Each structure stands twice: as C-alpha cells, then as structure tokens.
Amino acid sequence: MPSLRQTRLATGLVLFTYVTLHFANHALGNISVEAMEDGVVIQKLIWRSPPGTAILYLSLLTHMSLGFWALFARRRLRWTRLEATQLALGLSIPFLLADHLIGSRLSFSLFGLDKGYAEELLKFWVRSPVSGALQAAALLIVWIHGCLGIHFWLRLKPFYPRVADLLLSIAVLLPALALLGFYQGGKQTLKSVQDPAWLAVHASAERIGTEAQNAVLVDDRTGTLVVLAAALAATLLARSFRRWREHRVGSISLTYPDRTIRAPRGFSVLEASLINNIPHAHVCGGRGRCSTCRVRVLSDISALPAPSAEEQAVLERVHAEPGVRLACQLRPTADIAFVPMLSPHATTVDAYRTGSAYSGVERYVVIMFVDMRGSSRMAEGRLPFDTVFVINQFLNAVSGAVLSAGGEPNQILGDGLLALFGMGARPEAGCRQAIVACAAIAARVETLNSALAYALLEPIRFGIGIHAGITIAGNIGYERHAQFTVIGDAVNVAARPEEMTKAFGCEVVMSEEVYERAGFGPDDLPAHDVDPRGRDARMKARSVARAADLAALLDAQTPAAS
C-alpha cells in the first residue's frame, strides 16, 4: 500500500502534468487565440474524459488534503526558505484557483457551458481585469510550488546534479512563454471586442451563462472559500489542541552524547533536536527519504515503536544495523539515549552514500603510500608557484595511475599520497591492483619528467610502500571536515615500507602479505627483514629496484595466478 508521502508525490505529479500542459497551451497565444483554441481540444480529450476527470479531481482533493495533514503533522513551524515558500504558496493555491475552477470546470459540469480561451480572455481582459491579474499571479504561484516539489523529490537522486541546469531552464522558459501567450491573447481579445459579431458569439448567454447561472457559481465560489478557510482554521486548531494535550501527558528525556533534553511525548527525535536548537542533519527536510538524520540508539531498542514500512525501506537501502533508526521517523514513548551517525552539516553527497562502511566497519584493504623524493631540495631557489605546480603535477600523475588500476586516492599527505585498493574486490585482486598501479605510476612519472625536462634540474623520483590487512573504515573527522578513510595497525605498518625504499635504494617495498596474495613466486623479488614501528616482531618485505619492472613480472605471473 502506498505511503502518504508516495501518495502526495503521485497526486502532485498528476497536477504538475496538468499545469505543464496548461502552460504549453497558454504559450500558443504567442501565435494566436485560434491556436490556443486548437490546443485546448487535446486538453479536453485528456482531462474531460471520464478517466481523466476522475484522476484530476481525485488528485486535486487528495493532494490538498495531504497538504493540510502535513501542516498538522509537523510539530515545529520552522522551515528552510524553500520549504516555507512551498508551504505558503501551496496553502494559497486553493483560494486563488477557486474562482477559475468553478468558472470553467464546474460551469461545464452544472450548466454545460463549454467556455474556450476566447471566453476566458474576455473575462480576464475586459469584464474583470482584476481577476486576470490574480489569474496571472496564480499561474506563477502554482508553477513555483510544483517546481519546488519536483526539486525536493529529485535532489536526492544521483543524476539530478547533471540535469538540474536543464530543468531550471525549462522551469523559467515555460511560464515566461505562457504568460507572454496570455498577454498576446489578451491584446488580440481587446481588438476583437470591437467587432459586434465577435461579441454576439463569445459574450452570449450560451457561452458565458445567464445571470442566474452566474449567481449560482458565485454562491458556490463563496461556499468553497468558506470551506477552505474552515479547513485551514481547523488544522491550526487541531495543532493547538495536540500541543496542549502533549504537554499534559508529560515529556521524555533524550540523551545525546553531550547533553540531555526533555521533549513532549510524541515528538520525533529530529523535531526535538531542532526545537532545542541542536544541529541535526536532515537533507530531505525530515521526509524520511535521505537517511542523513539516522541515529544509533544506545538505550533499550525493544522499547521503541516499530519502524514504519517507509522507514524500514530506507534503513534497508543503507544496510542499517539493528539499533539504527531515522530521527525524523522515530517518535519514542519513553526515555531514549542515542548518538547521531552523521555530521550536522551532511549534504546530498552523504545521502547518496549507502552501506555501513561510512559509519565504521572492519574491512580488508590494500594500503599504498607514495612519496615524492627531494621535494624540499627542489623548492630551494624556486618560486613558490613553481614548486606547487610541480608537486601538483606529480600528484595528478600518481592519482591517475591509481584510478586506472582500480584503486582510490584517499588522502593527500603534503607531497605524497595515500591510496586504497580492494575496497570492492577480493584481497588477491586488490593486491594485484596495487602492483599494476606501481607500474602505471612509473610510466606516468617518466612521461611527466619528459614534459618538465626544461624546468627540472634532475628527474622526479618517488618511493612506494604497500601493505594490506584488516582496517577500520569510515568517515573520520570533525563535522563538515569528516572524510572517508581507514585507520588501524595495517595503516601504521604500511607507512614503514615506503620509508624503507630510501634505505634499500629502490622504488617499491611491499609486505610479504601483498607479495604472496599478488601471486608472485617465492624468489621473484629480494626479501628483507624490516623493523615496523610500534611492533616487537620484525616483518618480511620485498623490494623492487624499478617500479616499471613490475609490469613484465606481473605479466609473467598471470598464468600461475589464474
């Protein structure tokens, strides 16, 4: 069964489709009123057919009712500028469109008055220019409200940044053409009213209704406005009653890592955070779509309300572990302790990230440290810009080689780089990727040396250290500066082989772990006993004089490895 959010989205898309076709028809006014009349024939085939009428009216009533429900359900009347704009415009739309809907759709249903563009333009430009101005304003309000809804829906989709500019262009161009068509059609109508024959046809009672019929429509409009105002007032009164009742039934405590607050029972964790001015990530605005507000519950999870189907779907999408809930959906009924899992400054990028790796998980990773040799000596006698330029070119070459081999540049360490391999592959494959990257680094640095030969006193040299093991992977850092990386003993050990390249006078030193998993033979590379820092036992490592030689050696081992 569709959730309320899905129902509101579906009905909103139906209404937005109707408005888009309506705007396209208005744009035909830039050609002529006759073109507008021809276009409306297609509109009538769609929206005045029994299925079209039923879908349109049902979507209108449902979407409007869910709008009132959303206003009631929200505990705090604090929104972002875009959310506040969408709400204010959405609440004003029924009042602004009541006159037009009753004058066109209801007049046809009650009296068979089949008004076309000529009759509507006659009303808006001759008989009631004020209504025309309100209609033009209503067009813009409806369109902006719909576009904001589309934006809130699509902004969490990975493809949205690529099409956002195109959609924005359409969102600006279509209403501009529609309003221009409305204006051009009005100008043509002002000329047409000078023709008695035209007036006799389009201002007749058969087209615009008798005085009695119009009086009935005015009464219906008044009644509709009263009902809408009563519905809005009832929603606000219901909010006030709920607030009074929640304060009477008491409050619960919510314990954060650094503070404890009290909130009325029935508030969601996110609402409690925001009302108490505690920053809490909620990229989707608390709609239960982005998962950036998720928290890890530290207290008894059996006392919590079960997640709704909508919340459960989001939790499954991010592979959430037991005890992880969405703060915007969790409404605890008893005291609760928890810790937010993302920075309060999380963005849509964090919403795209799924999986537990970003919140902390043990993972086997191949770690590579690459260091540029002699960068301090190179900086002597050079302009700062020249030094930074050469280092950046080196890092670009190394990063490109890592990516081409299937690795991932993770951190820039001054004039060096930390890269990770095997994040989504078997350990053997990750180790071989790292070996391939070594040969690729050598090739790209050689190309770079040739390109910068005019500016370098000596070729750029480098050292590479590789190790693999179990690490802790996750987003590590402070608030908006958090970055996905790995920590642990394997990372500390990986830094030692890179340092040993200086002592051995070679370009690559890899641990025995990487050497064996990559598929090399027992005597393919020289062996060394090295002293890893922070460990009592010594470790075995293999050295490679020239990283470029690894390409041929790896090719020779491919049949055996396979």
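Read on for a plain summary of the structure. (Residues numbered from 1 in each chain as written. Predicted model: local features only at pLDDT ≥ 70, side-chain atom pairs only at ≥ 80, totals over all residues. Heavy atoms only, no water.)

Moving on: the pairing of strand β6 (residues 361-373). Burial analysis of β6 places 10 of its 13 residues in the buried class, the great majority of the element. As paired strands, β6 and strand β9 (residues 461-476) are joined by 13 bridges and run antiparallel to one another. Its bridge partner lying in β9, Val370 is registered against Ile464. Where β6 lies against strand β8 (residues 416-421), six bridges are found, and the strand directions are antiparallel. Bridge pairing links Ile367 to Leu420 in β8. (Buried < 20%, exposed > 50% of the residue type's maximum accessible area, 1.4 Å probe, protein only. Helix = DSSP H or I, 4+ residues; strand = E, 2+ residues; numbered from the N terminus. Pairing = 2+ DSSP bridges.)

This brings us to the packing of aromatic side chains. One pass over the structure, following the stated rule, counts 10 aromatic pairs. With a centroid separation of 5.0 Å and 20° between ring planes, the pair formed by Phe16 and Trp143 is classed as stacked. Of the two residues, Phe16 is situated in helix α1 (residues 4-27) and Trp143 in helix α6 (residues 129-154); the sequence distance between them amounts to 127 residues. Comparing Phe16 with Trp143, the two get one shared label, buried. With centroids separated by 5.3 Å and ring planes inclined at 45°, the aromatic side chains of Trp69 and Phe72 adopt a geometry described as tilted. With Trp69 and Phe72 both in helix α3 (residues 50-73) and three residues apart, the pair spans about one turn of that helix. Classification of Phe72 as buried rests on a relative accessible area of 19%. Positioned above the aromatic ring of Phe152 is the side chain of Arg287, whose terminal nitrogen or guanidinium carbon lies 4.6 Å from the ring centre. Seen from the ring of Tyr515, Arg542 lies directly overhead, with NZ or CZ sitting 4.1 Å from the centre. (Phe/Tyr/Trp six-rings, centres within 6.5 Å; stacked < 30°, edge-to-face > 60°. Lys NZ or Arg CZ within 6 Å of the ring centre and 35° of its normal.)

This paragraph deals with unusual backbone geometry. Positive phi, normally seen in glycine, also occurs at Asn277, with a value near 60°. We classify Asn277 as exposed; its relative accessible area is 60%. At Ser291, a residue that is not glycine, the phi angle is positive and equals roughly 75°. The topology assignment puts Ser291 in the loop between α11 (269-275) and β3 (294-297). Using a relative accessible area of 1% as the deciding quantity, one classes Ser291 as buried.

Where α1 meets helix α2 (residues 33-47), the closest approach of the two axes is 9 Å, and the angle between their N-to-C directions is 160°. Compared by their axis directions, α1 and α2 come out roughly antiparallel. Handedness of the crossing formed by α1 with α2: right-handed. Contacts between α1 and α2 involve Val14, Thr17, Tyr18, Leu21, His22, Asn25 and His26 on the former and, on the latter, Met36, Gly39, Val40, Gln43, Ile46 and Trp47. (Axes fitted to C-alpha atoms, helices over the stretch in contact; angles between N-to-C directions. Parallel < 35°, antiparallel > 145°, perpendicular 65-115°, else oblique. Left-handed = near helix turned anticlockwise from the far one by under 90°. Contact = heavy atoms within 4.5 Å.)

This part takes up the sheet that holds strand β1 (residues 251-255). With mixed pairing, five strands are arranged side by side in an open sheet as β2-β1-β5-β3-β4. Either end of the sheet is taken by a strand with one partner, and the two such strands are β2 (260-264) and β4 (324-326). Averaged over all adjacent pairs, the angle separating strand axes in this sheet is 40°, with direction ignored. Across five bridges, β1 lies against β2 in antiparallel orientation. Pairing of Leu254 across the sheet is with Ile261, part of β2.

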